[in-house]
Amino acid sequence: MTPTRTQHRMPDPAPPTADGDVEGPGPRVWDDMTVEVALAVMAGARVEYLTVCDEDDRSTGLVTLVRLAGLRDSSAYTDRIRLRDVLDGPSLRTGTGR
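Being a predicted model, the structure only gives us computed values, none of them experimental.

Participant: Please provide a residue-by-residue account of the nonpolar core, values included.
Facilitator: Counting residues in each nonpolar core, the largest one holds 15 residues, and the members touching the most others are Met42, Leu50, Val63, Leu68, Leu83 and Val86. Of all elements in the fold, only helix H1 (35-45), strand E2 (49-53) and helix H2 (65-72) reach the threshold of two or more residues within this core. Element by element, the count of residues in this core is highest for H1, at four residues. Ignoring sequence-local partners within four residues, the contact set of leucine 83 consists of Val29, Trp30, Asp31, Met33, Thr34, Val35, Ala38, Val52, Val63 and Leu68.

Participant: How would you summarise the sheet that holds strand E3 (residues 59-64) if you had to cite specific residues and measurements?
Facilitator: Spatially, the three strands line up as an open sheet ordered E1-E2-E3, and their pairing is mixed. Strands at the two margins of the open sheet, each flanked by one partner only, are strand E1 (28-30) and E3. Between one strand axis and the next, the sheet turns by 40 degrees as a mean value, whatever way the strands run. For E2 and E3, the ladder comprises five bridges, and the chain directions are antiparallel. Residue pairing across strands places leucine 50 opposite valine 63, the latter belonging to E3.

Participant: How would you explain the environment of alanine 43 if you had to name every residue and give the values?
Facilitator: Within the element layout of this structure, alanine 43 appears in helix H1. For the pair alanine 43 and leucine 65, spaced 22 residues apart in sequence, the C-alpha to C-alpha distance is 9.1 Å.

Participant: Lay out the pattern of salt bridges with the relevant residues and their values.
Facilitator: Applying the stated criterion across every chain yields a total of five salt bridges. The salt bridge involving arginine 58 is made with aspartate 56; its shortest N-O contact spans 3.2 Å. For arginine 58, a relative accessible area of 49% puts it in the partly exposed group. Judged by its relative accessible area of 52%, aspartate 56 is exposed. Across the pair aspartate 73 and arginine 72 runs a salt bridge, and its minimum N-O distance is 3.8 Å. Judged by its relative accessible area of 60%, aspartate 73 is exposed. Residues joined by salt bridges that share partners form a network here, namely Asp54, Asp56 and Arg58.

Conventions adopted
Residues numbered from 1 in each chain as written. Predicted model: local features only at pLDDT ≥ 70, side-chain atom pairs only at ≥ 80, totals over all residues. Heavy atoms only, no water. Core = buried A, V, L, I, M, F, W, Y, C linked by side-chain atoms within 4.5 Å. Buried < 20%, exposed > 50% of the residue type's maximum accessible area, 1.4 Å probe, protein only. Helix = DSSP H or I, 4+ residues; strand = E, 2+ residues; numbered from the N terminus. Contact = heavy atoms within 4.5 Å. Pairing = 2+ DSSP bridges. Axes fitted to C-alpha atoms, helices over the stretch in contact; angles between N-to-C directions. Salt bridge = Lys/Arg side-chain N within 4 Å of Asp/Glu carboxyl O.

Keep in mind these numbers describe shape, not what the thing actually does.
Written out as C-alpha cells, the structure is:
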C-alpha cells in the first residue's frame, strides 16, 4: 500500500470582490452571533472574514476580522452586539424591519 500525501490548503483570506458576491469560501454564521463568538470562530478557522446568514440561511453580508477587532476595542463596544448590527459589504436583506 502506498501512503498518500495530504495537502493542507488555507482558505483565501481576502473576501470576494465581485459585485454583489457575498458568498465566500470561509465559514458561514448566523447574524444573531455575538462579536466575541465570531472572533473565536475566526481564530479557530484561521480566516479573516465570515459570511453572515439570516435565519433562512441566506447570505446577508460579510464581517471582517479588522472590523470586529476594531469594534471590540472601541468605547462603543458591548458584549450584546450582534453580527447583523455590524455587517460589512452589501446587504441583501430587504423588508425585514431590522
